[in-house]
Amino acid sequence: RLDRGKRVRDDRARALDASLAPRAAARARRHILHPAYHAKCDYKAAEALLDAMGAGEVVARPSSSGKVALTWAFRQNVYRHVEIDETDKKYKIDEEEYEDLDELLARYVLPMNDLTEDVCRHRKYDAELNDPDAASEKLMALRRAVPSSIPYVLWVDPRYPGRFALTYLAPRASRPKNEWVKVTPEGLELRERRYFATDEVLNYFKRHAKDWAKGAKLAPHRAEPKKQAPVPQPVPLQPIQQQWAPP
């Protein structure tokens, strides 16, 4: 199982490095002087370096597209590869621009490290879990101990670096369901809502876990409505197929 996950990660990283290889020779690379930048380093070499450095560390390197790539050790032996665009001598990830690598590390990587560590310090995080079957077994044991509970756990699936799996067992359910907590520089993202602390994420989850288990999907980026009088004929909730892979 872990071997399959490693192959998936390798394929993604290899695609990042090689998809635009024919164009690489025609593009002049920016001359970069920075301790985190390794000019003669591909994704495999970056992972090998980070393996000795530990979680939270980064290696900046050239990609085969002629751009700069960032390899981030999300957790030990779990690496996320990010390609960085360049515009007007600035670095750009998504829609955010950075003057140089120092600013990128300070505003992009460090906030994600802080949020990741906040999750990993939480009592609901289990560093020993690394696959869905193990998470399921743990939740089943918790349910047997307290039959009326909704047990849940946070853990890292190595196939999806940069995200925490939030796996839970709904009432009367025989199989766990899964949500994904994405780590971004702006916060921990759950169902397109962002929070600055793990407890905030879990409080939101606990308020809605039963509805989510039935298939309810809340509208993103919208404040939760205040309590109102019951609507005479509410629209019934439609079940939604729960997929394991994150969006």
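Our structure is the block above this text.
Sequence order as written defines residue numbering, which begins from 1 separately in each chain. The predicted nature of this model means local features are confined to residues of pLDDT at least 70 and side-chain atom pairs, given and counted, to a pLDDT of 80 or more, with totals for whole chains, interfaces and linings taken over all residues. The side-chain values count all of the structure's non-hydrogen atoms but skip hydrogen atoms and water molecules.

*Asks:* Account for the sheet that holds strand β4 (residues 90-93), naming residues and giving values.
*Replies:* With respect to topology, five strands assemble into an open sheet ordered β1-β2-β3-β4-β5, the strand pairing being antiparallel. Unpaired on one side and paired on the other, β1 (58-62) and β5 (96-98) mark the two borders of the sheet. Each strand axis lies, on average, 35° off the axis of its neighbour in the sheet, ignoring direction. What makes two strands pair is DSSP finding at least two bridges between them. Counting from the N terminus, the helices are the DSSP runs of H or I reaching at least four residues and the strands are the DSSP runs of E reaching at least two. Relative to β5, β4 runs antiparallel, the two being bridged by three bridges. Note on β5: the bridge partner recorded for K92 is E97. Lying on the sheet, helix α3 (residues 43-53) is in contact with β1, β2 (68-75) and β3 (78-87); it crosses β1 at an angle near 160°. Orientation is described by lines fitted to C-alpha atoms, with helices fitted over the stretch in contact, and by angles between N-to-C directions that extend from 0 to 180 degrees. Whether two residues are in contact is decided by their heavy atoms: any pair within 4.5 Å suffices.

*Asks:* Any details on the nonpolar core? Residues and values, ideally.
*Replies:* In globular proteins that are soluble, nonpolar side chains generally tend to be buried together. Membership of the largest hydrophobic core comes to 43 residues, with the highest contact counts inside it found for L70, L104, Y108 and F164. Element by element, the count of residues in this core is highest for helix α4 (residues 101-121), at nine residues. Discounting residues that sit within four places of it in the chain, L104 has contacts with L70, I84, Y91, I93, Y98 and V109. Side-chain atoms within 4.5 Å link the members of a nonpolar core, which is a set of buried Ala, Val, Leu, Ile, Met, Phe, Trp, Tyr and Cys residues. Only protein chains enter the calculation, and the probe is 1.4 Å; a residue is then buried if its accessible area is under 20% of its type maximum, exposed if over 50%, and partly exposed in between. Formed by nine residues, the second largest nonpolar core is a distinct cluster that contains A135, A165, L169 and W180.

*Asks:* Describe unusual backbone geometry, with residues and values.
*Replies:* Excluding glycine, residues mostly have negative phi values, and the peptide bonds linking residues are mostly trans. The phi dihedral of D88 falls on the positive side, at around 50°, and the residue is not glycine. We note that K89 has phi near 65°; this positive angle belongs to a residue other than glycine. If you trace the backbone, K89 turns up in the loop between β3 and β4.

*Asks:* I'd like to hear about the side chain of N178, residue by residue, with values.
*Replies:* Tracing the backbone shows N178 in strand β8 (residues 177-184). N178 sits in the buried class, given a relative accessible area of 1%. Only 2.6 Å separates the side chain of N178 from the side chain of T167, close enough to count as a polar contact. A 3.5 Å cut-off defines polar contacts: any pair of N or O atoms within that distance qualifies, except that in protein one atom must be a possible hydrogen donor and the other a possible acceptor, and neighbouring residues in sequence count only when both atoms are side-chain atoms.

Everything listed here is a matter of geometry and, on its own, says nothing about what the molecule does.
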